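# An overview of the molecular structure
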Amino acid sequence: MSENVKKSPLTLQDIKDAAARIKPYVTRTPLLREADMDEMLGCKVYLKPEMLQVTGAFKARGAFNKVLMLSEEDRKKGIIFSSSGNHAAACAYVGKMFGINAYAVMPRDTPKGKIENCERRGGTCILWDRDYQSRVKKVADEIKEHGYTLVHGFDDYSVMAGQGTIGLEILEDMPEINTVIVPIGGGGLMSGIATAIKESNPKVRVIGVQVAASCGYYLSRLNGRPTRMTSQPSLADGIGCSYPTDNPYPIIDKYVDEIVIVSEKHIAEAVKIIGKYAHLVAEPTSAVVVAALLEGKIKTEPEENVACVLTSGNYDIDLIGKFYKDEEVEPED
């Protein structure tokens, strides 16, 4: 086990350290004031556009922080991760930048474009079963055989700290922010941002958004304990969550004020609104935060300063076009 593996809970200092560590490598995305969206969403709207981040998603923050904390010996052995989307692209990008071999364990039926996206950035794809537990075992077997370091997409404190730098930037750019809305998938992004916000200013409201089709954290909040569900396909395919994992769950339970769910209809509408008014290409996973306001799932006041974290913009350009033209788009598994 590497001496850099972090076992203690996530802290604000961890996130501040991560901000300094990754600063030379990531984009400090702006906090955009979108007054044209105020009336329809019922508040003063600010957007944090992480689709402008390197590799087009927030994932680069966590990947950089994790890799930069590795010893030279661990870097030489390589890194491994299970992902077919934004996390894979980020880890491959970071690996290529530092000359580190990066291995992505992906389902065999992963769309060709996602495989090419990872390989184009220098990653090596290991195609395996779609079953998540089977892929987890494959990752563990590869680590045992080759000594790779796991860069988990959301269940790693170092990765959470990197994602939490988004929260620091929001507070720096808008100290008067009242509410921050964040998508929840595996929970790493929310854990980082919620820690940064609440340990800096506990008065700021932090709200998480999941899709009704796959909302493990929402159900767990309702039941007062971790709860498993059977996920269904959703337009917001990047934030599916059938069950909350051990490391993010207690952080989210402690710091997140409210968790809401949104419908597929309002996700599709939100994609179009973000494109029309903010001129940003937001994949459906990002759009859930705007969908929650549009659907009236979050109570706000007209003078309330609300920051919506738009996590990513990596989506098939032809499918995005269908949203803009009000054409039907089939949810993905």
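In case you missed it, the structure is sitting above this.
Figured I'd write up the structure that's included with this text. Source: prediction; values computed, not measured. (Residues numbered from 1 in each chain as written. Predicted model: local features only at pLDDT ≥ 70, side-chain atom pairs only at ≥ 80, totals over all residues. Heavy atoms only, no water.)

## Details of the packing of helix α8 (residues 157-173) against helix α9 (residues 188-198)
Definition in use: The convention used is that axes are lines fitted to C-alpha atoms, helices contributing only their stretch in contact, and that angles between N-to-C directions extend from 0 to 180 degrees. In DSSP terms, a helix is any run of H or I states spanning at least four residues, a strand is any run of E spanning at least two, and both are numbered starting from the N terminus. Orientation is classified from the angle alone, with under 35 degrees giving roughly parallel, over 145 giving roughly antiparallel, 65 to 115 giving roughly perpendicular, and any other angle giving oblique. Crossing chirality is assigned from the near helix's rotation relative to the far helix, an anticlockwise turn below a right angle marking it left-handed and a clockwise turn marking it right-handed. Contacts were defined at the residue level, with two residues in contact if any of their heavy atoms lie within 4.5 Å. Gly is put with the polar residues, along with every residue not named as nonpolar or charged; the nonpolar set is Ala, Val, Leu, Ile, Met, Phe, Trp, Tyr, Cys and Pro, and the charged set is Asp, Glu, Lys and Arg.
One can describe the packing of α8 onto α9 by two numbers: an axis separation of 7 Å at closest approach and a directional angle of 45°. Between α8 and α9, the crossing angle belongs to the class labelled oblique. Two packed elements cross with a definite hand, and for α8 against α9 that hand is right-handed. Residues M160, Q163, G164, I166, G167, L168 and L171 of α8 pack against G188, L189, S191, G192, I193, A196 and I197 of α9. Residue composition of the contact of α8 with α9, grouped by class: 8 nonpolar, 6 polar and no charged.

## A short note on the pattern of salt bridges
Should the charged atoms of two oppositely charged side chains come close, the side chains can pair. To keep it simple, the criterion reads: Salt bridges are defined by distance alone: a side-chain nitrogen of Lys or Arg within 4 Å of a carboxyl oxygen of Asp or Glu. Exposed residues in this analysis have more than 50% of their type's maximum accessible area, buried residues have under 20%, and partly exposed residues fall in between, with area computed by a 1.4 Å probe over protein chains only.
The full count for this structure, using the stated rule, is 22 salt bridges. E72 is the salt-bridge partner of R75, the closest N and O atoms lying 3.9 Å from each other. Of this pair, R75 and E72 both sit in helix α4 (residues 72-77), 3 residues apart, which is roughly one turn of the helix. For K198, the salt bridge identified is with D257, shortest N-O distance 2.8 Å. A residue pair is termed long-range when its members are at least 10 positions apart, and K198 in helix α9 and D257 in the loop between α11 (248-255) and β9 (258-262) qualify at 59 residues. A relative accessible area of 10% places K198 in the buried class. Members of the salt-bridge network, linked through shared partners, are K48, E50, R61 and E169.

## Some thoughts on α11
The test is simple: For this quantity, the arc is that covered by the directions from the helix axis to the C-beta atoms.
Of the positions making up α11, those classed as buried are P248, Y249, I251, I252 and Y255. Down the axis, α11 shows its buried residues gathered within 165° of arc, on one side only. Looking at the buried side of α11, the elements it contacts are α8, α9, β8 (205-211), α10 (216-223) and β9.

## A closer look at the pairing of strand β5 (residues 124-128)
The criterion, for reference: Pairing between strands is defined by DSSP: at least two bridges between them are needed. Handedness rule for crossovers: strands pointing away from the viewer, path from the first strand over the helix to the second running clockwise, crossover right-handed.
Sheet topology note: the strand β4 (residues 102-107)/β5 ladder contains 5 bridges and is parallel. Across the sheet, the residue bridging to A104 is C125, located in β5. At this point the chain moves from β4, through helix α6 (residues 112-120), to the parallel β5, and the crossover so formed is right-handed.

## Regarding unusual backbone geometry
The phi dihedral of T55 is positive, around 70°, even though this residue is not glycine. Of note, T55 is situated in the loop between β2 (44-49) and α3 (59-68). Of the residues examined, T55 reaches a relative accessible area of 10% and is grouped as buried. Unlike most non-glycine residues, D326 shows phi in positive territory, near 60°. Residue placement: D326 occurs in the segment after α14 (317-324). You can call D326 exposed: its relative accessible area is 57%.

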